[in-house]
Amino acid sequence: MLQSKTVAHVARVQAPPLSAQRLATLLCFFSLGFSTAAWAPLIPFAQQRLSLNHADFGGLLLCAGIGSMLAMPLTGMLIQKMGGRLIIAVTLAVFIVVLPLLAMLPTTWALGISLFAFGAAAGSLGVAINLQAVMVEKQYAKNMMSSFHGMCSLGGLLGVMSMTVLLALGLSPLLGALIIAACILLVTLLAVPKCLQSAPTESEKLGPKTKRGLPSPFIVLIGIMCFIAFLSEGSAMDWSGIYLTQEFGVDAAYAGLAYTCFAITMTMGRFAGRRIQHYFGEAKTVFLGALMAGLGLSVVILAPHWLMVLLGYSLLGLGCANIVPIMFSRVGRQNQMPKAAALSYVSTFAYTGSLLGPALVGLGSEVFGLTAVFAVIAIGLSLIAVVNYFTLKHEQIAV
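Residues numbered from 1 in each chain as written. Predicted model: local features only at pLDDT ≥ 70, side-chain atom pairs only at ≥ 80, totals over all residues. Heavy atoms only, no water.

> Looking at this structure, I do not really get the packing of helix H2 (residues 20–37) against helix H8 (residues 173–191). What am I missing?
The axes of two packed helices give the description: the angle between them and the distance between them. H8 packs onto H2 with a crossing angle of 165° between their chain directions and a minimal axis gap of 9 Å. Between H2 and H8, the crossing angle belongs to the class labelled roughly antiparallel. The handedness of the crossing between H2 and H8 comes out as left-handed. Contacts between H2 and H8 pair Ala24, Leu27, Cys28, Phe30, Ser31, Phe34 and Ser35 from the former with Ile180, Cys183, Ile184, Val187, Leu190 and Ala191 from the latter. Residue composition of the contact of H2 with H8, by class: eleven nonpolar, two polar and no charged. (Axes fitted to C-alpha atoms, helices over the stretch in contact; angles between N-to-C directions. Helix = DSSP H or I, 4+ residues; strand = E, 2+ residues; numbered from the N terminus. Parallel < 35°, antiparallel > 145°, perpendicular 65-115°, else oblique. Left-handed = near helix turned anticlockwise from the far one by under 90°. Contact = heavy atoms within 4.5 Å. Nonpolar A, V, L, I, M, F, W, Y, C, P; charged D, E, K, R; others polar.)

Structure representation (structure tokens):
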């Protein structure tokens, strides 16, 4: 019996590293990053096309955040009834249709409606694929969340680089968006048939203090940290290009360089996440990452030259790289409330920070200036280290 178990364990170790389910999950995370990041280089063109100031443009971006906030709780309920595959297919189809519209619509109201759909698709897809990632991670009995989120960062990197290159070559924003949409369609055809159809189930024993209604304090604190981390990522995506063009006079065609640097270091940090966590441990990884991210955004604020801004965004990306994957893994391991509900709550916090946060940045920058708003975010990133300390007290599992 012992020998058969050993043989089975060896066979499982020697099995191919990617099953169909894992490959589909990786491709879905890639699609989320690729689709949303491709919008970043188009933002300066959209602002110039509509002749909007920071406050008006921030209000327009708020449409994406509202769509995300409404879609995420609804997605959690729909997945319980119909599974995740249909949700993933529909959201990717929305990206394919809406992205070219964002590059061409000439009126504020039309762009606002499209951003609402764009945000709803991003939020819904984020919830669906993170739930699928937890199910796949549980099947393999090892931490793979960093690699899944690493694929999202890789998709974001390739999305922003591809769109930046297309614009630098002289293509119109519309033509560039159509090319990106065709790439999303290809990935969709490869990934969706292999996605999990069944909804996540709760077979594990929950803790004695479990409440199936409101989130526990642990979940709320995790959500706050994810909100701050995603807020910094969203501000880097939506405002780094505008910061370069308006503060340093960089040509709009090269405005995506700042987010490119951010995405490169974030991708590297996430793919190295397992080794980093093995060396430092989860608690120190979050602590050091938060401090590095705050330092990076401080460099952006104080930079005397636009090249220093690129360095700052590189540090910001590396510091934020493993904060959110660690948080999602901890939510997947906790036993204080059902995992599907807990992940829905945390995803709502996280993707609200990514999609609603940039709108708040725009509104705040019109009153206090973009530099002052960045300073507030830098302080928030540093506070992640403090908030993480309190989550360790609430967590009922070993970290």
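> How do you make sense of the packing of aromatic side chains when you look at a structure like this?
What describes a pair of aromatic rings is the distance from one ring centre to the other and the angle between the planes of the rings. For the coordinates displayed, the defined rule picks out eight aromatic pairs. Taken together, a centroid distance of 5.6 Å and an interplanar angle of 15° make the contact between Phe30 and Phe34 stacked. Here Phe34 and Phe30 lie together in helix H2, a separation of four residues that amounts to about one turn. Neither residue differs from the other here; Phe30 and Phe34 are each classed as buried. Site record: aromatic cluster; members linked through ring pairs are Tyr243, Phe248 and Phe374. (Phe/Tyr/Trp six-rings, centres within 6.5 Å; stacked < 30°, edge-to-face > 60°. Buried < 20%, exposed > 50% of the residue type's maximum accessible area, 1.4 Å probe, protein only.)

> I would appreciate a short explanation of the side chain of Ser31 in the present structure.
Its location among the elements puts Ser31 in helix H2. We classify Ser31 as buried; its relative accessible area is 3%. Contact partners of Ser31, with chain neighbours within four places excluded, come to Leu92 and Val187.

> So what exactly am I meant to see when it comes to the nonpolar core here?
In globular proteins that are soluble, nonpolar side chains generally tend to be buried together. Grouped together as the largest cluster of nonpolar side chains are 121 residues, with contacts concentrated most on Trp39, Leu99 and Phe374. Among the elements that take part in this core, helix H9 (residues 217–248) stands out by supplying 16 residues, more than any other. Trp39 has contacts with Ala46, Leu61, Leu99, Leu102, Leu115, Phe118 and Asp238, leaving out every residue within four places of it along the chain. (Core = buried A, V, L, I, M, F, W, Y, C linked by side-chain atoms within 4.5 Å.)

> So what exactly am I meant to see when it comes to a nonpolar patch on the surface here?
A contiguous nonpolar surface patch, about 390 Å² in accessible area, is contributed by Met104, Leu174, Leu175, Leu178 and Ile179. By the secondary structure assignment, Leu178 is in helix H8. (Patch = residues over 30% accessible without salt bridge, like charges linked within 9 Å, V, L, I, M, F, W, Y side chains within 5 Å. Areas by Shrake-Rupley, 256 points an atom, 1.4 Å probe, with all protein chains shown as cover. Salt bridge = Lys/Arg side-chain N within 4 Å of Asp/Glu carboxyl O.)

> Could you clarify how one ought to interpret H8 in this entry?
Because the α-helix completes a turn every 3.6 residues, residues three or four places apart line up on one side. For H8, spanning 19 residues, the distance from its first C-alpha to its last is 27 Å, which sits close to the expected 27 Å at 1.5 Å a residue. Taken as a whole, H8 has its buried residues at Pro173, Gly176, Ala177, Ile180, Ala181, Ile184, Val187, Thr188 and Ala191. Take H8 and look down its axis: the buried residues cluster within an arc of 135°, on one side only. Away from its buried face, by an angle of more than 90 degrees, H8 presents the exposed residues Leu186 and Leu189. Among the structural elements, H2, helix H3 (43–50), helix H5 (85–102) and helix H7 (145–168) are those in contact with the buried residues of H8. (Expected span 1.5 Å × (residues − 1). Arc of directions from axis to C-beta.)

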